[in-house]
Structure formats: C-alpha cells, structure tokens
Amino acid sequence: MIDPTVVNLSRLQFALTALYHFQFVPLTLGLSFILAAMETVYVITGKQIYKDMTLFWGKLFGINFAIGVATGLTMEFEFGTNWSMYSHFVGDVFGTPLAIEGLMAFFMESTFVGLMFFGWDRLSKPAHLAVTYIVALASNLSALWILIANGFMQDPAGARFDPTTMRMQFKSFSALVFSPDAQAKFVHTSIAGYVSGAMFVMGISAYYLLRKQHREFAARSFRIAALFGLISTLAVVTLGDALGRMDDLLQPTKLAAMEGLWHSAKGPAAPWKLFALPDDAKQRDAFSIGIPYVLTPLVAHEWNTTIPGIYALERAAKAKTVSGIKAIIALKSFGASHDPAALAAFRKHENDMGYGFLAQRYAPDQNLSAITPALLPAVLAKTARASIPNVFVEFWSFRIMVGLGVAFIVVFAFGAYYSLKNELEKHPLVMKAAMLAIPLPILACEFGWVTAENGRQPWTVYGWLPTFQSASSHGIGYMIFSLVGFVLLYSLFIAAELYLMFKYARLGPGEHAVQPKPLPVPARPVFGQPGYANKPWQ
Amino acid sequence: MELYIALKIIWALLLGVLLSGLAIMVGMDMGVGTLLRFVGKTDAERRTSLAIIGPHWDGNQVWFILGGGAIFAAFPTLYATSFSTFYVVMILLLFAMILRPVAFEYRSKVDARHWRASWDWAFLVSGALPMIIFGAAFGNVLQGVGFHFSWDGQYYQDESFIWYLLNPFALLCGVMSLALAVYQGGAMLMIRGMGDLAARARRFAVAGGLLALVLFVIGGVWIEFIKGFVFTQSVDPGMPATPLGGPAVAMRAGAWLDNFHAHPLLWLLPALGACGMLGGSLALLARKPVLGWWLGALAWIGTIATVGGAMFPFLMPSSTTPAQSLTVWNASGSAYNLGWMLGFAVVFVPIIVSYTGWAFRVMKGKVNPATVVADDHSY
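Calculation criteria
- Residues numbered from 1 in each chain as written.
- Chains lettered and ligands numbered in written order.
- Predicted model: local features only at pLDDT ≥ 70, side-chain atom pairs only at ≥ 80, totals over all residues.
- Heavy atoms only, no water.
- Axes fitted to C-alpha atoms, helices over the stretch in contact; angles between N-to-C directions.
- Helix = DSSP H or I, 4+ residues; strand = E, 2+ residues; numbered from the N terminus.
- Parallel < 35°, antiparallel > 145°, perpendicular 65-115°, else oblique.
- Left-handed = near helix turned anticlockwise from the far one by under 90°.
- Contact = heavy atoms within 4.5 Å.
- Nonpolar A, V, L, I, M, F, W, Y, C, P; charged D, E, K, R; others polar.
- Core = buried A, V, L, I, M, F, W, Y, C linked by side-chain atoms within 4.5 Å.
- Buried < 20%, exposed > 50% of the residue type's maximum accessible area, 1.4 Å probe, protein only.
- Phe/Tyr/Trp six-rings, centres within 6.5 Å; stacked < 30°, edge-to-face > 60°.
- Lys NZ or Arg CZ within 6 Å of the ring centre and 35° of its normal.
- Buried area = accessible area lost by both parts, 1.4 Å probe.
- Salt bridge = Lys/Arg side-chain N within 4 Å of Asp/Glu carboxyl O.
- Polar contact = N/O pair within 3.5 Å; in protein donor to acceptor, adjacent residues only side chain to side chain.
- Expected span 1.5 Å × (residues − 1).
- 1 Å grid on protein atoms, 1.4 Å probe; cavity = no way out; pocket = protein on both sides within 12 Å on 5 of 7 lines; lining within 4 Å.
- Points joined across faces, edges and corners; volume = space filled by probe spheres on them.
- UniProt positions renumbered as here; feature names shortened; annotations may be inferred.

1. What to know about the packing of helix H9 (residues 195-222) of chain B against helix H11 (residues 268-285) of chain B
Residues and elements named next belong to chain B.
Working step 1: Viewed as axis vectors pointing N to C, H9 and H11 meet at an angle of 155°, and their least axial separation amounts to 9 Å. When the axes of H9 and H11 are compared, the pair comes out roughly antiparallel. Both H9 and H11 take part in a crossing whose hand is left-handed. Each of Arg202, Ala205, Val206, Gly209, Leu210, Ala212, Leu213 and Phe216 in H9 lies in contact with H11, whose residues at this interface are Pro270, Gly273, Ala274, Met277, Leu278, Ser281, Leu284 and Leu285.
Working step 2: A per-class count over the contact of H9 with H11 returns 12 nonpolar, three polar and one charged.

Written as structure tokens, this is what we have:
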C-alpha cells in the first residue's frame, strides 16, 4: 500500500528543493556569458575598467555559483532517496543524460571555475578569457543535459517499457537527445537565465547610477546588460511560444489547464482567457474575461483547429483507464508466471498501462483485481479527474510568467534606449524600475518551472508512470527528518547568501570588504625557502 | 548476449574507477576540511589551508556527482534501492555535501571571529561525516542490507536505519575511510603548505595512514567471520536486469574470501592497499609528500578493489531475501544504454583527467599565507 502522505511529503520536498535550487541557476547561466562578454572587451581593448567589471561581477557570480552547485547536488540525490520507484522505472534512460552531464559539462564547469577565480595571475590574458568562455559554455551545456532528462519526463521519447525488467528501456539515443520538447525547453530556459543575469547587472548598475557612484563603471555595465537583456527577452518569448505549440501536440492536459479550457475550443472565435478564476472542485470558472479570435492562432498557429478541453480529455482518460487496468493486471500475472498468454494480453493494452497505474490508487486496497463492475464507474471517474493537473495553479503560474516577460521587454527597451542616448541620468524612473526588477526574472523562472512541472501532473513520466506510484516506500518519520533538515539548512543559506550579496553589491567595484590585516610575525620564517623571496606569487 | 555480459563487467570496473576517483579527490578535500581546525592555529593558516585546495575542490566534488549519475544510469536498481534504504545516512551525507561548498565560498567573506569559527566547524562536520558514511556504506553492504522487492520493482526496507548507523563493522570501515581521507588531505597540505602548517599536517597524515593500515588488517581478519553471500544455483550473467526470480543465494561466514581462494592473484589487491598505506606513511615521514600523495591514492584503489574483488558479482546483497540480492548481472542498465554510456566515458574520462591535471599544474607551487590574507578574492 502506498501512503499518500509520504507521496505528498516527497512531492513537497522535491518542489521546495528544486525551486530553491532554481533561484540560483538562472543567474549562473546568465552572468557567466555577461562575464565572458566583459572580459572579451577587456582583452581586446586592454582597458582596466573592463577587468574591474569582470572581477566585480565575477565575485557576485561566485557567491551565487557556490550555492547553486551545492543545492544542485540535492536533486541528483533525491531521485534515489525519495523516488525509488521512479528511478527503477526510468533509470535506464533518464540516468544517462544525468551521467553524461557530469562527464561532459559539470566536470568542465567546476574545474575551470577554479581557474577563473584564482588563475588571473597564472594565465595569460587570452588563456584566462578562454577559461571564462569554457565556464559559460559548460554551464549551458549542463543545462542542456538536465533539460534533456526533464524532456523525457514530459515526452518519453527514445524508450520502451519492457515487461521482463519492469522498466522503460533505452532504445534510441537520438530520439532522446533531439526530443523537440527538450530542445525548445533548453533554449527557453537558458535564455531565461540570460534575462535574469542581465536584469541583475542592470539593476545593480542602476543603483550605483542613482547614487552617483562608480558612474563610468556602472554606465558601461548597464549598457551591456540592457542590450543583452532586450535580445534575450525577445528570444525567450519566441521559444516560449514554440513550447506552447509543443504542449498542444504532446501534453493536451497541460495546455488545457494552462488556458483554463474546460470546454474544447473549436474554430477561430474561441476566446483566450485574459483573466479567470478557475474552480477545480466545481470544474468551471468562478469568473472569466476572454478575448475572442486569440486563443486558436496563438496556440496552434492556425485558424481552424480544435483544442481539446478538460471535459473531453477526461472522457478520453476513462477509455484509456479501462484498457490500462487490463494492461496492469496482465503485467502482474506475467511477472508471476511468465505466461506468454499474459504477455500477449499486456501487449494489447500496453500503451495505456500508465492509466492502469493511475487507477490503482482508487481501487480497493490499491489492488486493481479487486475492482468489481459495480465499483468501476467510480474508479473511472476518480482516475479521469486525477488525470488533469490543478487548473488554478497552472492557469495563474503561466500568466504570471508571461506577464513578467512582457514587463521585462518594456524595462530593457527603455533602459537600452536611454543608455544608448546617454540620457539615463535624466530618467531616474527607468533606473528605479530596473533596480526593483532584479528579483523578478528569477520569479518568472520559478513560475515557469511550476507551469512545466505542475502541468505534467499527475505523471512523473507523462502517460506512463504516475507521481503517486513513483515515490520511495518510506515511513513518514524519514520524510519529516529530511524536510526539517532542508528547511533549517536552506534558510541558513539564503540568509547568508542575501547578506553577502547585499554587502558586496553595496561595496561596489574595487573596494575591499575584508581589510587585509598585517600578518603576525610567523614563528618560523615563511620565506625561508630558497628562491622564495624572488617569486612571492608562487 | 556476450556483449551484454562484457558491458556489465566493464561498468562494474568503471564503477570501481569512479568510486576510487571520488575517494581520492573528494577524500582529500574532506581530509583538509577535517584537519582545518587542527592544523591551522591562526586564521591565516586556516585560509592558507583552504586556498591550497581552493581552486580544485569544486572540480573534485564532481567525482561525487558523476558517481551518483553513473550509478543511476549504469545500475538503476542499485541506485534506486541503496539511496532509499540508506535514507537517513544519505540525507546526512547530502546535508554535509551541500554545507561544504557554501562554507568555502562564504567563510572568509566576512571578517568576524564568530562567523569564521562557525564555518570552520562546518568544515569539520562536512568533512568528517561524509567520509565516515562513505566507509560505513561499504561496511554495511558487506554485511548485507535488509530489503526485498514487490512485483513491480518497488523495494521495501526490512531493517531499521539505526542498525546502519551503529554497527561495529560499519563503524570500523567508516573510521578507516576517514583516516585515509585525513592522510590524503594532510599529504596535500604538505605539498602546498609551508612551515608549521605543513609540519602539523604531516603528523596527522602519518597517524591517519598508519591507523588506516591497522583497521584494514583488522577488517581483513573480521571478514572471515562475517556472513558473505554465494550463489547456490548456476547464474546466467547475461540475464535480464531484474532482481525478481533470480537464482538462489546463500549466506555463509567467510564467503567473501571465496573469490580470493579461487583466484589467488586477487591477494595482490589488499597487498597493494596495505603497501600504499605503509609506504605512504613512510614517504611522508621522509618528507616526500608528492610520492606520499600518490601512494595514498594507491591505498584507496587497493582498498576499494579489495572490497570489489571480494564481493563480485554482488553489489548490494539482501540479508533478508538473499535471492533478491542486487548483483552486477541483475541490477544493470540495458545493453544499449551501457554501450552509449561507455562511448561517452571512453571519450570524456581522458579529457577530464587531462584538464584536471592541467588545472593542478597551473595552480601548482607553495601557497603563501601573505598573499592569501592580502587577497580579497581568496577563500
């Protein structure tokens, strides 16, 4: 018997730790390229100010990077510690991109980041620049493999379920890697990181400009960031649109929830809901305002097509569940007997097996064989209802993300325009907006994550493995232990991180937070080694 | 089928390589973290100790991440089962592993005594605890772990976690692992440190190496009395990867030495480990830290290979349902997956080793406390 409380606590823990980790990732992705750009200008022009810029933003990058790496470890562990059934079920294909990420990207990023911070005096200018670029490329490559893994959860391409080993087995490397969902999401997510990095640099530069500190430094940083940010935001919106179309084809339940579509949208006149209060319990909107002639072209990029609504999707889910229950009963019987007849019965209903798993939760004692004909309609209704993600959460997290994205275009556009005209100081409002907007792209990224992963529910592997089935068979005590630990540790980290970020951002470039103190006289001569005094840097 | 068996064996060996890389490189950093408060009497000495591994700890830590990822992909059922059955210790290990990077980055950024002292404690805990857990995990696996599987591949735990935390043989392995880490970290502090710092590091490292040797020998004798696992039915190494419906397995005291009796050449592995510990300690006594560092690496490889040689083909035996023990044959990924991953490993492991070597070369040389303290960017 699966304990729903343990599953919910596991979900809570994963969501908290993933959202927490994801606060730091976008800045790493974005700042690394901004650093590379600044250092490129330094190497080409030789102007010290660009080195100061690279060093200063690099220090803030470092504070963010450490905690990003640290909290990323949690994710790699949690699949095994909390999602044992999931790991067993998909490890053969899902583990692979994670392992390749380590081999190809994470190693490179982490090894070279040490040289980036500590190698200034030991590497030539071009060599150090190359190191900075490698860090930027590697951190983006890292995101690629992670999102390929995530893409598999959204659209399990490249694998097939094997009834003997009771898991998805890897069948096609190219289908996994070139999954359209993974590719579009990679570009969308990494560029969202560039937006976050750009807003961070632009906002802090605006702070200096408003206080008339480090003006030369801040004006240059502001301009690089505003241009980089404007281009990135436009790209993010384009890719987000591509992702929306992908969901139309691959994850109809996600799309229906995102748009709050209770009824199917037929033809061009279907309204796009600008504002609505979806009520999941009653399955209707408590209130909504729609704009006709927007939804269909926006989502499908054509006029005459039908976008299935939640009622229709639930009807389809019922049919799949009937077939899926047969699949799971046959699979269990095959596992016990290795009877070819059971295998043949399973093969007939194989593609719906996920819905059989989904129905397990609503069967008496979570046993599908115990469903009597009298109980079946109730099980089907509950399973169908469970196959739809929470509409309110999906609808609003999507709209908040999109709304913020549009707001960023405005802020970056004004910032870039006045920065290029050298009129920034006449428009303090633009600078104040930039400053206040610093955390917003990260917030947008978080809502993007919620849109993607809440919309994937109730599945961990869309259509194949329900979240309910995926968790480890822990007791509640284990979950409380780890949750309390995470909350304590992560609260401590965020407090320390914010304290240091504010402290170093306020200090500005070229100032020392920690005043070097003269060394106490060493008991034994430190410079006693031959040749040491001549080369104090060694 | 033949190819599948070969791939399973290769990945079992690669698992050993990864665990060794992890133990040597992460162990070194953990050792420095553990020793920080003892070798560094002044703040300058502590900052110097951190600066010695400062440019490398992040890259080293990836051995750990890669180890997790590779087990996930190459032995999915092992990953799913071991991480969950060892939940409490795994979460503690994880807490330690995420505390450490933050400690590195944040410790020296504020010049306040309590701030730095707190992070120094964080280094001690996040260095010593993971190494004890790492060793104890081997100790637990050697004794078998209580778990079984249901028809759909879900594991169920049959033993309390208290046993994994507190059982004498596992603790011995844990302390030995910590001793080797202290040795390796001490050797690194000797290579790049100077003066009192290096002298203190030498004392701790030699003590660590010799303690590890003593515990290694005791463990070797002890294993004769611990129940090992053996197949009592013939095994098809090319079997599909499922722990259900496999051949029968029995538990018998001393069974872990069967492989050594059958293939006496395997005795070279523990000999290698012991030579590494003894020779390394002597090298450090003779003030040859670079040689000592490499002999320490050899000690790790010998130790891990000894455990692997004793257990093969078992990976994580079940003490409550021995027939569902996880082995190289029944816990691996599919042939297609193992093949692709091998391709990536063949291309990228040499690249990783070469740029790691390059990074160490770029940063090589003694670390001068004066420049560390004067440098605002330094740890």
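2. Topic: the nonpolar core
Working step 1: Ranked by size, the top nonpolar core spans 271 residues in total, and within it Trp57, Phe200 and Met353 of chain A together with Ile98 of chain B carry the most contacts.
Working step 2: Of all the elements, helix H1 (residues 2-39) of chain B adds the most residues to this core, at 19 residues.
Working step 3: Counting residues in hydrophobic clusters, the runner-up holds 18 residues, among them Ala257, Met258, Leu261 and Val391 of chain A.

3. Details of the packing of aromatic side chains
Working step 1: Per the stated rule, a full pass over the model turns up 65 aromatic pairs over all chains.
Working step 2: Ring centres of Phe173 of chain A and Trp340 of chain B lie 3.9 Å apart, and the angle between their planes is 10°; on these two criteria the pair is classed as stacked. A residue pair is termed interchain when its members come from two chains, as with Phe173 of chain A in helix H6 (residues 173-177) and Trp340 of chain B in helix H13 (residues 335-362).
Working step 3: With a relative accessible area of 11%, Phe173 of chain A lands in the buried category.
Working step 4: Plain terms: the ring middles of Phe147 of chain B and Phe149 of chain B are 5.7 Å apart, the flat faces sit at 80° to each other, and that makes the pair edge-to-face.
Working step 5: On the basis of relative accessibility, which here comes to 6%, the residue Phe149 of chain B falls in the buried class.
Working step 6: Ring-pair connections join several aromatic residues into one group, and the members of that group are Phe14, Phe77, Phe79, Tyr86 and Phe94 of chain A together with Phe64, Phe72, Tyr79 and Phe83 of chain B.
Working step 7: Cation over ring: Lys125 of chain A sits above Tyr42 of chain A, and NZ or CZ is 4.9 Å from the ring centre.
Working step 8: One Lys or Arg, Lys8 of chain B, reaches over the ring of Tyr4 of chain B and ends 4.3 Å from the middle of that ring.

4. Things to note about the interface of chain B and chain A
Working step 1: Facing the 89 residues of chain B at the interface are 98 residues of chain A.
Working step 2: Taking both sides of the interface into account, the surface hidden between chain B and chain A amounts to around 8,400 Å²; carbon and sulfur atoms contribute 71%.
Working step 3: Counting the contacts that link chain B with chain A gives zero salt bridges.
Working step 4: Summed over the shared surface of chain B and chain A, the number is 25 residue pairs in polar contact (both at pLDDT 80 or more).

5. Topic: helix H6 (residues 113-143) of chain B
Working step 1: In this model H6 of chain B runs 45 Å from its N-terminal to its C-terminal C-alpha over 31 residues, within 8% of the 45 Å that 1.5 Å per residue would give.
Working step 2: At the C-terminal side of H6 of chain B, Gly144 of chain B shows a positive phi close to 85°.

6. Side note on empty space enclosed by the protein
Working step 1: Overall, the coordinates contain four cavities of 30 Å³ or more when judged by the stated rule.
Working step 2: Taken together, Phe65, Ala66, Val69, Val113, Gly114, Phe117 and Phe118 of chain A together with Gly54, Trp57, Asp58, Glu105 and Tyr379 of chain B make up the lining of the second largest cavity.
Working step 3: The leading source of residues in the lining of the second largest cavity is helix H4 (residues 84-118) of chain A, at four residues.
Working step 4: The residue makeup of the lining of the second largest cavity, split by class, is eight nonpolar, two polar and two charged.

7. So, the UniProt feature "transmembrane region" (unreviewed entry) in chain B
Residue and element names in this part refer to chain B.
Working step 1: UniProt tags residues 6-28, 86-106, 118-141, 161-183, 204-223, 265-286, 293-315 and 335-358 as "transmembrane region" (unreviewed entry).
Working step 2: Across residues 265-286, helical content stands at 82% and strand content at 0%; the span's end C-alpha atoms are separated by 31 Å.
Working step 3: In residues 293-315, the share of helix is 83% and the share of strand is 9%. The end C-alpha atoms are 29 Å apart.

8. Focus on the pattern of salt bridges
Working step 1: Per the stated rule, a full pass over the model turns up 21 salt bridges over all chains.
Working step 2: We note a salt bridge from Glu350 of chain A to Arg347 of chain A, for which the minimum N-O separation is 2.6 Å.
Working step 3: Overall, the relative accessible area of 7% leaves Glu350 of chain A in the buried class.
Working step 4: Put simply, Asp43 of chain B and Arg116 of chain B hold a salt bridge, and the shortest N to O gap is 2.6 Å. In this pair, Asp43 of chain B is assigned in helix H2 (residues 43-53) and Arg116 of chain B in helix H6, connecting sequence segments 73 residues apart.
Working step 5: Classification of Asp43 of chain B by relative accessible area gives partly exposed; the value is 32%.
Working step 6: Each member of the salt-bridge network shares a partner with another, and the members are Asp43, Arg46, Arg107, Asp111, Arg116 and Asp120 of chain B.

9. Focus: the packing of helix H3 (residues 48-82) of chain A against helix H5 (residues 87-107) of chain B
Working step 1: Running from N to C, H3 of chain A and H5 of chain B cross one another at 170°; their axes reach a closest spacing of 8 Å. Judged by the inter-axis angle, H3 of chain A sits roughly antiparallel to H5 of chain B. Across the interface between the two elements, Gly62, Ile63, Ala66, Ile67, Ala70, Thr71, Leu73, Thr74, Phe77, Thr81 and Asn82 of chain A of H3 of chain A pack against Tyr87, Met90, Ile91, Leu93, Leu94, Met97, Ile98, Pro101, Val102, Glu105 and Tyr106 of chain B of H5 of chain B.
Working step 2: The class makeup of the residues in the contact of H3 of chain A with H5 of chain B is 16 nonpolar, five polar and one charged.

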